[in-house]
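# Coordinate analysis (summary)
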Amino acid sequence: MDESIRAPARRPVYLLAAHPNLRESRVNRRMLQAASDLPGVDVNDLYTSSADYDFDVPLEQKRAEAAQLIVLLHPIQWYSMPALMKLWFDEVLSYGWAYGGGTALQGKDLWLVATTGSPAESYHPGSYNRYFFDAFLPPYEQTAALCGMRFLPPMLLHGAHRTSEEEVAAHVATFRERLATYPDWPEMADMLDCPSCDVPAIDRPNDKSASAAADESGVRRR
Ligand SMILES: Cc1cc2nc3c(=O)[nH]c(=O)nc-3n(C[C@H](O)[C@H](O)[C@H](O)COP(=O)(O)O)c2cc1C
């Protein structure tokens, strides 16, 4: 780790927000605003700070290290996260830092806070989204697990276009209150520790000894 990079002030929450068109947003924009003046929250609006799809990876790693809770705030797009947030994961969660011997995120919490355009009842085997919404969560959950993080119960707002103004306002207020009171949430006492997911040496990139051993034994590497 490059120690010349100034560590950000230690704040318990690092909020990563990704909305490709925030000006048109009904819900995420208000959630981002609600979080932005909370003292313990380091906010990064990715489509503003990294609109050129270029991250300062060492700085991002420092910001993540400084937090205890990493929040992902975004609209669901194609049953997943917006492209720039995915790129943040691809570049920042590097081998040797986040996983594969790296323990920088071990023991931290990951919290997905997302909105969908489709209403809750459409996420059902009998409706057009065909799956319960939970079916789209394993990539988030397993990413957290591989990095030694707890995946907290997601906070979701379905049907974001048609939800009443009162419901949106209540949702935004609950989000702000949650951020302000973390980690003193009632459900924390019942949360299990993260499962251990050690990546075997043979699956690690650039591990020459493992690679040689694999070649000798005829095991194919990805
Ligand atoms: C490219 C794109 C893909 C989308 N994919 C989904 C989807 O897979 N499921 C869904 O329920 N809504 C989907 N939506 C709708 C957004 O989730 C919805 O517009 C957003 O949650 C509303 O939040 P906002 O008011 O903050 O913009 C998609 C929207 C866009 C622009």
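This text follows the structure it describes.
Notes on the structure follow. Keep in mind that what you see is a predicted model, and the values were worked out from it rather than measured.

Attention now goes to helix α5 (residues 138–146). The set of residues buried in α5 consists of Y140, A144 and A145. Projected down its long axis, α5 carries its buried residues within an arc of 130 degrees, all on one side. Among the structural elements, β3 (69–75), β4 (109–115) and β5 (150–151) are those in contact with the buried residues of α5. Positive backbone phi, approximately 75 degrees, marks G148, located one or two places after α5.

What follows covers the site of the ligand. Taken together, 17 residues sit near the ligand, with S25, R26, N28, I76 and T115 positioned nearest. Residue T115 places a side-chain N or O atom 2.6 Å away from an oxygen atom belonging to the ligand. Here the ligand loses 75% of its free accessible area of 640 Å² to cover by the protein chains. Of the residues in the shell around the ligand, the class split is seven nonpolar, nine polar and one charged.

Our focus in this paragraph is the pairing of β3. For β3, a buried count of seven out of seven residues is recorded, marking the element as mostly surrounded by other parts of the structure. Residues L69, V71, L73 and P75 point to one face of β3 and I70, L72 and H74 to the other, with burial holding for every one of them. When strand β1 (residues 13–17) meets β3, the two strands line up parallel, connected through five bridges. Bridged to L16 within β3 is L72. The pairing of β3 with β4 spans seven bridges and is classified as parallel. Each residue of the ladder has a partner; that of L72, found in β4, is L112. Note on the crossover from β3 through helix α4 (residues 83–92) to β4: the handedness is right-handed.

We now examine the packing of helix α3 (residues 57–66) against α4. In contact at an axis separation of 10 Å, α3 and α4 are set at 95 degrees when each is read in the N-to-C sense. Regarding the angle of α3 to α4, the classification is roughly perpendicular. Across the interface between the two elements, V57, E60 and Q61 from α3 touch W88, E91 and V92 from α4.

Next up on the list: a negative patch on the surface. On the surface, D52, D54, D56 and E91 cluster together to form a negatively charged patch. You can see D52 is positioned in the loop between α2 (46–49) and α3. Judged by its relative accessible area of 57%, D52 falls in the exposed class.

Turning to the packing of aromatic side chains, a few remarks are in order. Here the structure, examined in full by the defined rule, presents twelve aromatic pairs. Ring geometry for Y182 versus W185: centroids 5.5 Å apart, planes at 75 degrees, classification edge-to-face. With relative accessibility at 6%, the residue W185 sits in the buried group. A connected cluster of aromatic rings, assembled from ring pairs, spans W78, Y79, Y123, Y131, F133 and F136.

For side chains bearing opposite charge, pairing can occur when the charged atoms are close. Applying the stated rule across the entire model yields seven salt bridges. The salt bridge partner of R63 is D42, with a shortest N-O separation of 2.9 Å. Of this pair, R63 sits in helix α3 while D42 sits in strand β2 (residues 41–45), and the two are 21 residues apart along the sequence. By relative accessible area, D42 is classed as buried at 9%. For D90, the salt bridge goes to K86, with nearest N and O atoms at 2.9 Å. With D90 and K86 both in helix α4 and four residues apart, this pair spans about one turn of that helix. The exposure class assigned to K86 is partly exposed, which follows from its relative accessible area of 41%. One network of salt bridges, with partners in common, ties together D42, E60 and R63.

Rules of the game
- Residues numbered from 1 in each chain as written.
- Predicted model: local features only at pLDDT ≥ 70, side-chain atom pairs only at ≥ 80, totals over all residues.
- Heavy atoms only, no water.
- Buried < 20%, exposed > 50% of the residue type's maximum accessible area, 1.4 Å probe, protein only.
- Helix = DSSP H or I, 4+ residues; strand = E, 2+ residues; numbered from the N terminus.
- Arc of directions from axis to C-beta.
- Contact = heavy atoms within 4.5 Å.
- Near = heavy atom within 4 Å.
- Polar contact = N/O pair within 3.5 Å; in protein donor to acceptor, adjacent residues only side chain to side chain.
- Areas by Shrake-Rupley, 256 points an atom, 1.4 Å probe, with all protein chains shown as cover.
- Nonpolar A, V, L, I, M, F, W, Y, C, P; charged D, E, K, R; others polar.
- Pairing = 2+ DSSP bridges.
- Right-handed = clockwise from strand over helix to strand, strands pointing away.
- Axes fitted to C-alpha atoms, helices over the stretch in contact; angles between N-to-C directions.
- Parallel < 35°, antiparallel > 145°, perpendicular 65-115°, else oblique.
- Patch = residues over 30% accessible without salt bridge, like charges linked within 9 Å, V, L, I, M, F, W, Y side chains within 5 Å.
- Salt bridge = Lys/Arg side-chain N within 4 Å of Asp/Glu carboxyl O.
- Lys, Arg positive; Asp, Glu negative; His and termini not counted.
- Charge placed at Lys NZ, Arg CZ, Asp CG, Glu CD.
- Phe/Tyr/Trp six-rings, centres within 6.5 Å; stacked < 30°, edge-to-face > 60°.

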